[in-house]
Amino acid sequence: TLVAASRLLELQPLGPAAAGTDAAAIVIALGPAFGTALDATLLGLPHGQVLGALMAGIREEGMRPRVIKVYATSDCGFVGHTGARLSGSGIAIGIQSKGTTVIHQRDLDPLNNLELFPQAPNLTLESYRVIGRNAAKYARGAPVLPVPVQIDNMARLKYIVKTTILHLRETAEVVAE
């Protein structure tokens, strides 16, 4: 099977992520299969484009994205919480390979977050760009924007089997600490 070039995402490992000190940095914490074992969200959005949209949103607000990959868990809340703990600004975006996304803050509990976007099939590239902007706005203490989503009341039913399969694939990439 050929994979379109727009779906490819090349991530270069640089070693273990350390706590950041840059107050203008927003961490984007990727789930363990993001861009490697899996290459697109539940809706079929290429991971490279999703990551690009998140980074563009962060930059639009004058902040800097920092990308890390979390291998210890496939849980979106814990991926985001890990990113927030390593973020110089204390704010992170956690994203699973299927597209479920969270904006997290360092001093919040793992399952308590600033914003949660659990319906990945309803998120577009524009949604991810605004999520990036909102993460930067939280770090700056500015009011956030409404995140645009597609309305599909049948999404949960249409994607339940695919969601389960993608989550199992993501979980297979977890590396115990």
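Note: the structure precedes this text.
My aim in this report is to walk through the structure given alongside it, one point at a time. Owing to the predicted nature of the structure, the values given are computational and were not obtained by experimental measurement.

**Here we look at the overall build of the protein chain**
Then, number 1: Each helix and strand counted, the protein chain has four helices and five strands in total.
Then, number 2: The N-to-C order of helical and strand elements in the protein chain reads β-α-β-α-β-β-β-α-α.
Then, number 3: Rg of the C-alpha trace for the protein chain: 15 Å, near the compact-globule value of 16 Å for 177 residues, within the 12% margin.
Then, number 4: A principal-axis box enclosing the C-alpha atoms of the protein chain has dimensions of 40 × 35 × 30 Å.
Then, number 5: Summing over all exposed atoms, the protein chain offers an accessible surface of approximately 8,800 Å²; the carbon and sulfur share of this is 57%.
Then, number 6: Separation of charge centres in the protein chain, based on 16 positive and 14 negative side chains, amounts to 3 Å.

**Things to note about the layout of surface pockets**
Then, number 1: Volume-wise, the largest pocket comes out at about 680 Å³.
Then, number 2: Residue lining of the largest pocket: 22 residues in total, with Gly15, Ala17, Ile68, Lys69 and Tyr71 positioned closest to the centre.
Then, number 3: Every element with two or more residues in the lining of the largest pocket is listed here: strand S2 (64–69) and helix H2 (76–86).
Then, number 4: In terms of residue count, the dominant contributor to the lining of the largest pocket is S2 (four residues).
Then, number 5: The residue inventory of the lining of the largest pocket, partitioned by class, reads 12 nonpolar, five polar and five charged.
Then, number 6: Within this model, the second largest pocket holds a volume of roughly 250 Å³.
Then, number 7: Looking at the second largest pocket, it is lined by 17 residues, and the ones nearest its centre are Lys98, Thr100, Pro118, Gln119 and Thr163.
Then, number 8: Residue composition of the lining of the second largest pocket, by class: eight nonpolar, six polar and three charged.

**With respect to the nonpolar core**
Across soluble globular proteins, nonpolar side chains show a tendency to be buried alongside one another.
Then, number 1: Formed by 25 residues in total, the largest nonpolar core has its most connected members in Ile28, Leu54, Ile93, Ile95, Ile103, Tyr128 and Ile131.
Then, number 2: Listed by contribution, the elements that provide at least two residues to this core are strand S1 (25–30), helix H1 (47–60), strand S3 (91–95) and helix H3 (125–140).
Then, number 3: Of all the elements, H1 adds the most residues to this core, at six residues.
Then, number 4: Core analysis: the second largest hydrophobic core is formed by eight residues, Val27, Ala29, Val79 and Ala84 among them.

**Comments concerning helix H4 (residues 155–172)**
Then, number 1: With 18 residues, H4 extends 25 Å from end C-alpha to end C-alpha; this agrees with the ideal 26 Å at 1.5 Å per step.
Then, number 2: The axis of H4 is deflected most strongly, by about 45°, at Val161.
Then, number 3: Listing the buried residues of H4 in full gives Ala155, Tyr159, Thr163, Leu166 and Glu170.

**Notes on the pattern of salt bridges**
Then, number 1: Applying the stated criterion to the full structure yields nine salt bridges.
Then, number 2: Asp22 is paired through a salt bridge with Arg64; the nearest N and O atoms lie 2.9 Å apart. One end of the pair, Asp22, is in the segment before S1; the other, Arg64, is in strand S2, and 42 residues separate them in sequence.
Then, number 3: Residues participating in the shared-partner salt-bridge network are Glu60, Glu61, Glu126, Arg129, Arg133, Lys137 and Arg140.

**Some remarks on the side chain of Thr73**
Then, number 1: Within the secondary structure, Thr73 is located in the loop between S2 and H2.
Then, number 2: Only 3.1 Å separates the side chain of Thr73 from the backbone nitrogen of Asp75, close enough to count as a polar contact.
Then, number 3: Those residues within four positions of Thr73 in sequence are excluded, and the remaining contacts are Pro32, Phe78, Val79 and Val174.

The rules behind each value
Residues numbered from 1 in each chain as written. Predicted model: local features only at pLDDT ≥ 70, side-chain atom pairs only at ≥ 80, totals over all residues. Heavy atoms only, no water. Helix = DSSP H or I, 4+ residues; strand = E, 2+ residues; numbered from the N terminus. Rg over C-alpha atoms; globule rule 2.2 N^0.38 Å. Areas by Shrake-Rupley, 256 points an atom, 1.4 Å probe, with all protein chains shown as cover. Lys, Arg positive; Asp, Glu negative; His and termini not counted. Charge placed at Lys NZ, Arg CZ, Asp CG, Glu CD. 1 Å grid on protein atoms, 1.4 Å probe; cavity = no way out; pocket = protein on both sides within 12 Å on 5 of 7 lines; lining within 4 Å. Points joined across faces, edges and corners; volume = space filled by probe spheres on them. Nonpolar A, V, L, I, M, F, W, Y, C, P; charged D, E, K, R; others polar. Core = buried A, V, L, I, M, F, W, Y, C linked by side-chain atoms within 4.5 Å. Buried < 20%, exposed > 50% of the residue type's maximum accessible area, 1.4 Å probe, protein only. Expected span 1.5 Å × (residues − 1). Bend = angle between axes of the 7 residues up to and from the residue. Salt bridge = Lys/Arg side-chain N within 4 Å of Asp/Glu carboxyl O. Polar contact = N/O pair within 3.5 Å; in protein donor to acceptor, adjacent residues only side chain to side chain. Contact = heavy atoms within 4.5 Å.

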